[in-house]
Amino acid sequence: MSSLDPSGEQGRSLWQDAIARLGQNRLAMLGLYLLAFMVIIALLTPWIAPYSYETQQLDLGAIAPNARHWFGTDTFGRDLLTRIMYGGRVSLAVGFIATAVALVIGVLWGAVAGYIGGRTDAVMMRIVDILYALPFMIFIILLMVVFGRSILLLFLAIGCVEWLTMARIVRGQVLALKQQEFIEAAVVIGLSHWQIIYRHIIPNILGPIIVYITLTIPSVMLLEAFLSFLGLGIQPPQSSWGLLISYGVETMEEYPWLLLFPGLVLSITLFALNFLGDGLRDALDPKASKD
Amino acid sequence: MLRFIIYRILQAIPVLLVVISATFILIRMAPGGPFDAEKAVSPYVLEKLNERYNLNAPLPEQLFDYISGIIKGDFGPSFKFPTRSVTEMIATGLPITFELAFYAMLVALLIGITAGLVAAIRPNTAQDYVPMSVAMIGICMPSFLMGPILVLIFGIWLEWLPVSGWGYSAGDKILPAITLGSTYAAYIARLTRGGMLEVLSQDYIRTARAKGLPTRTIIFKHALKGGLLPVVSFLGPAIAGLLSGSFVVETIFQIPGLGRFYVQAAFNRDYTMIMGTTIFFSMLIIFFNLISDIIAAYLNPRIKLGGEG
């Protein structure tokens, strides 16, 4: 503990405080590690997958988990672990990319509405209110039917429905920030509106945004799995956890592992994200109540 | 109160119009005409088909006709099954879906409120952690996973309950209702716990305790009404969720309800059927949101009434 600071004590920023609080939350840290593990596996899959994704060994058929195939094989003799790894790439990608789409639209919409205020704000938030009342699950299905079941559309469609809450949160924060002196000071020294939004407003609302991101990713992944399960999401030969679960259901009577392993992996990931999200909320905003 | 109700009803009308128009335009934007997939038809037949489905009129007029049809309860004919109308299919499927949603809601409320109360009475003890951990599992385990696993355990391995069907054999409604209700039971448990904890910390509860009332009386007579407010506000979204959840549950358990019709229509690209059911589902969801807002406002006079700013 060599310190050059004569007082012997260093100030801690709000962020350092938050990280320290997060570090003490065991469940949240477990969630973080699990998530990091899943992401690393997903990124490295093409190099570390034990078997080929497509090669079928029909003579092998579905065999129960064993030393050579840890998660067993499916009815075409394809290694289930390999398929879960590849499916995870799609599921996680949908989660992250659709959330990114929601993030961009939501933050821009909310920041502009809150910053300009007045009648523009009223109109913009009215639009959000109306969209909020729409049953979006049904609209996504409609979009998938009308425009074909492409993965790109899935990203966009899910992203386009998940931005509403983000817009509301951001607008509320911006409205509160706008009253503060340092924003007035920024206006006085002649910064442009975009500079103020970009340099002063957005960095100050990062906390709630990060929390909401970690809670949006699992709901997006759930939505994708739901659609894929119904056959309206990811299409073969691509795969995702939802699709693997729906295949598993067809043969669960004879080969239950084909249902249980993809289901377990999906549930663990959702668990990890939810715990991390709760932990981040407690860490970044100690005032917020737990439920 | 009346002003609030009228205001909320008036607010629902533009939302409905947006839903209908957006659905209508989206379906019209679908690549290819509705009869492209069929084998080549003669110009005469095509003309007749266009006439039957009212495709010759200008688009705004078609939309207007469609909306006035809906007001009269006519959602038009199905593209795929020309002899059946969309209204007819809704009428067959809806009672089944409602029955399923009703049982699921019953399961959710019974389990959810009980678990939430048990947890709130002794917070931060095992009596709190165990039900809340189970609730977290319920939230993270999607219905399309919960359903098949329940079927596997209780239907196939233990052979206690039928694995599919609706009203064909005794007990075949139990697994679908539990599958659909479990996620909402979990949310309701968390909401009940939160609401009860807040109410139990208030002064009038302390007064009641000081008077020496038994815990049971305090909980059920004094705390429950306030503590369940978050649950009431959640009912509207929950019913919306139950209806879309019925897509999966009806598919898994082969229940001939509206949800399964919808999924099948989406598969078959039965455009009028999709359009009709989409609009119908939207109407239901908007309606239930309205009801739950009104009940919440009625239970809590302090709630801000939107109409009065």
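Up top is the structure these notes are about.
Nothing here was measured: the structure is a model prediction, and the numbers come from that model. (Residues numbered from 1 in each chain as written. Chains lettered and ligands numbered in written order. Predicted model: local features only at pLDDT ≥ 70, side-chain atom pairs only at ≥ 80, totals over all residues. Heavy atoms only, no water.)

**Describing the overall build of chain A**
A tally of helices and strands in chain A yields 11 helices and 0 strands. The helix and strand sequence of chain A, counted from the amino end, reads α-α-α-α-α-α-α-α-α-α-α. Counting only C-alpha atoms and orienting by the principal axes, one finds that chain A spans roughly 75 × 60 × 35 Å. Counting the 291 residues in chain A, one finds 47% classified as buried. The contacts in chain A between residues at least 6 apart in sequence include a share of 70% that link residues at least 24 apart. Counting only carbon and sulfur atoms, one obtains 65% of the accessible surface of chain A, whose full area is about 14,500 Å². The average position of the 17 basic charges and that of the 20 acidic charges among the side chains of chain A differ by 6 Å. (Helix = DSSP H or I, 4+ residues; strand = E, 2+ residues; numbered from the N terminus. Buried < 20%, exposed > 50% of the residue type's maximum accessible area, 1.4 Å probe, protein only. Contact = heavy atoms within 4.5 Å. Areas by Shrake-Rupley, 256 points an atom, 1.4 Å probe, with all protein chains shown as cover. Lys, Arg positive; Asp, Glu negative; His and termini not counted. Charge placed at Lys NZ, Arg CZ, Asp CG, Glu CD.)

**Some details on the overall build of chain B**
Secondary structure assignment for chain B yields 12 helices and 0 strands. What you see in chain B, going N to C, is helices and strands ordered as α-α-α-α-α-α-α-α-α-α-α-α. Projected onto its principal axes, the C-alpha positions of chain B cover 85 × 60 × 30 Å. Scored against the burial criterion, the 309 residues of chain B give a buried share of 50%. For chain B, restricting intrachain contacts to residue pairs at least 6 apart in sequence, the fraction spanning at least 24 positions comes to 71%. Accessible surface computed for chain B: about 15,200 Å², of which carbon and sulfur atoms make up 66%. Taking the average location of the 23 positive side-chain charges in chain B and that of its 18 negative ones, the two points are 13 Å from each other.

**Observations concerning the pattern of salt bridges**
One pass over the structure, following the stated rule, counts 5 salt bridges over all chains. Note that Asp 278 of chain A is salt-bridged to Arg 281 of chain A, the shortest N-O span being 3.4 Å. Note that Asp 278 of chain A and Arg 281 of chain A are positioned in helix H11 (residues 257-284) at a spacing of 3 residues, about one turn of the helix. Taking the shortest distance from any N to any O, the salt bridge between Lys 173 of chain B and Glu 99 of chain B comes out at 2.8 Å. Highlighted residues: Lys 173 of chain B in the loop between helix H6 (143-157) and helix H7 (174-200) and Glu 99 of chain B in helix H4 (residues 86-121), separated in sequence by 74 residues. The class for Lys 173 of chain B is partly exposed, based on a relative accessible area of 25%. (Salt bridge = Lys/Arg side-chain N within 4 Å of Asp/Glu carboxyl O.)

**Side note on the interface of chain B and chain A**
How big an interface is tends to be stated in terms of accessible area lost as the parts join. Listed per partner, the contact involves 44 residues of chain B and 39 residues of chain A. Its largest share of buried area at the contact with chain A, chain B owes to Leu 26, Cys 140 and Phe 144 of chain B, together 17% of the area lost on that side. One can count 0 salt bridges joining chain B with chain A. Our enumeration of links across chain B and chain A arrives at 0 residue pairs in polar contact (both at pLDDT 80 or more). (Buried area = accessible area lost by both parts, 1.4 Å probe. Polar contact = N/O pair within 3.5 Å; in protein donor to acceptor, adjacent residues only side chain to side chain.)

**Let's talk about unusual backbone geometry**
All names here are of chain B. Positive phi, close to 55 degrees, is recorded for Glu 159, a residue that is not glycine. Residue position: Glu 159 is located in the loop between H6 and H7. For Gln 254, which is not glycine, the phi dihedral falls at a positive 50 degrees. Mapped onto the secondary structure, Gln 254 falls in the loop between helix H10 (229-252) and helix H11 (258-268).

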